[in-house]
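# Geometric and topological summary
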Amino acid sequence: MTLSIDVIHGPNLNMLGRREPEIYGTTTLKDIDQSLVHRAAALGVEITTFQSNSEGALVDRIQHAFENCHGLIINPAAYTHTSVALRDALSMLSCPILEVHLSNIHKREAFRHHSHVSGVAQGIIAGFGARGYLMALDALVEMIREKRNR
Ligand code: DQA
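In this report, we go over the structure that sits alongside the text. Keep in mind the model is a prediction, meaning the values are calculated, not measured.

### Some remarks on the overall build of the protein
Within the protein one finds five helices and five strands. Relative to a compact globule of 150 residues, whose C-alpha radius of gyration would be 15 Å, the protein shows 14 Å and is just as compact. When its C-alpha atoms are laid out on the principal axes, the protein stretches across 40 × 30 × 25 Å. By the burial criterion, 45% of the 150 residues in the protein qualify as buried. In the form shown here, the protein has an accessible surface area of approximately 7600 Å², with 50% of it arising from carbon and sulfur atoms. The distance from the centre of the 14 positive side-chain charges to the centre of the 15 negative ones in the protein is 4 Å.

### Looking at the environment of asparagine 68
The residue asparagine 68 is located in helix α3 (residues 55-68) in this model. Since its relative accessible area comes to 41%, asparagine 68 is described here as partly exposed. Along the sequence, asparagine 68 and arginine 87 sit 19 residues apart, while their C-alpha atoms lie 18 Å from each other. Separated by 2.6 Å, the side chain of asparagine 68 and the backbone oxygen of histidine 64 make a polar contact.

### Some words on the site of the ligand
In the region of the ligand, the neighbouring residues are Arg19, Tyr24, Asn75, Ala77, Ala78, His81, His101, Leu102, Ser103, Ile105 and Arg112. Within the contact set of the ligand, an oxygen atom lies 2.9 Å away from a side-chain nitrogen or oxygen of arginine 19. Measuring from an oxygen atom of the ligand, one finds a side-chain N or O atom of serine 103 at 2.6 Å. Protein burial of the ligand: of its 320 Å² of free accessible surface, 99% is covered by the chains. Structurally, the ligand is housed in the second largest pocket. Tallied by class, residues from the shell around the ligand come to five nonpolar, four polar and two charged.

### Concerning the packing of helix α2 (residues 29-43) against helix α5 (residues 131-148)
For the pair α2 and α5, interaxial distance at closest approach is 10 Å and the crossing angle is 30°. Of the possible angle classes, the one that applies to α2 and α5 is roughly parallel. Crossing geometry of α2 relative to α5 is assigned as right-handed. Packed against α2, whose contacting residues are Ile32, Ser35, Leu36, Arg39, Ala40 and Leu43, the element α5 presents Tyr133, Leu134, Leu137, Asp138, Val141 and Arg145 at the interface. A breakdown of the residues in the contact of α2 with α5 according to their chemical character gives eight nonpolar, one polar and three charged.

### Let's talk about the environment of threonine 82
Mapped onto the elements of the fold, threonine 82 is located in the loop between β3 (71-75) and α4 (84-91). Once the C-alpha coordinates of threonine 82 and serine 115 are considered, the two residues, 33 residues apart in sequence, prove to be 7.9 Å apart.

### Quick word on α4
Where α4 is concerned, the buried positions are Leu86, Ala89 and Leu90. For α4, the angular spread of the buried residues around the axis is 95°, confining them to a single face. Of the surrounding elements, those touching the buried residues of α4 are α3, β3 and β4 (97-101). A distance of 3.4 Å separates the backbone nitrogen of alanine 85 from a side-chain oxygen at the start of α4, and that oxygen is part of serine 83.

### Remarks on the environment of aspartate 31
Summarising the element assignment, aspartate 31 is placed in helix α2. Each C-alpha atom, one on aspartate 31 and one on glycine 123, is 24 Å from the other, the two residues being 92 residues apart in sequence.

How each quantity is defined
- Residues numbered from 1 in each chain as written.
- Predicted model: local features only at pLDDT ≥ 70, side-chain atom pairs only at ≥ 80, totals over all residues.
- Heavy atoms only, no water.
- Helix = DSSP H or I, 4+ residues; strand = E, 2+ residues; numbered from the N terminus.
- Rg over C-alpha atoms; globule rule 2.2 N^0.38 Å.
- Buried < 20%, exposed > 50% of the residue type's maximum accessible area, 1.4 Å probe, protein only.
- Areas by Shrake-Rupley, 256 points an atom, 1.4 Å probe, with all protein chains shown as cover.
- Lys, Arg positive; Asp, Glu negative; His and termini not counted.
- Charge placed at Lys NZ, Arg CZ, Asp CG, Glu CD.
- Polar contact = N/O pair within 3.5 Å; in protein donor to acceptor, adjacent residues only side chain to side chain.
- Near = heavy atom within 4 Å.
- 1 Å grid on protein atoms, 1.4 Å probe; cavity = no way out; pocket = protein on both sides within 12 Å on 5 of 7 lines; lining within 4 Å.
- Sits in = over half its atoms within 2 Å of the grid points.
- Nonpolar A, V, L, I, M, F, W, Y, C, P; charged D, E, K, R; others polar.
- Axes fitted to C-alpha atoms, helices over the stretch in contact; angles between N-to-C directions.
- Parallel < 35°, antiparallel > 145°, perpendicular 65-115°, else oblique.
- Left-handed = near helix turned anticlockwise from the far one by under 90°.
- Contact = heavy atoms within 4.5 Å.
- Arc of directions from axis to C-beta.

Shown next, in the form of structure tokens:
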């Protein structure tokens with residue numbers, strides 16, 4: 001069976017490329033999603049990407065993953081630090097979750113040091129810019145395949 005991976009991007013990430021490029025780089029979200037689709041094809045997995053600025057829409061998307069996906073990559077953006085609703089939705093999933101941040105949240109303001117999501121994530125990738133998403137996809141697929149072959 002072909003593995004199905006969901007990628008979820010939180011608020012303001014639709015502005016990547018133009019948003020504080022000194023922190024988040026100049027790669028756009030479209031570029032990131034395209035590179036993920038290419039890598040997914042090379043890895044032989046299916047991938048779906050989704051972005052919303054709204055907390056409820058992100059919860060709905062996570063609930064959709066409950067039935068439909070084998071692994072989830074999420075950059076919850078600002079909701080990382082505030083959203084119990086996202087954390088509760090992610091807690092329901094039985095598939096592995098990788099949390100991604102473009103910037104190193106631990107090097108930044110104190111309010112970014114705490115993540116509500118990390119406690120339910122298998123792993124975290126932060127500070128590698130846009131390439132962090134590809135690192136996450138490679139790692140996630142490898143982890144899922146490893147577990148299946150055990
Ligand atoms: C972010 C870090 C968050 O603190 C911030 O609110 C974001 C982006 C990142 O990818 O570095 O919007 O998740």
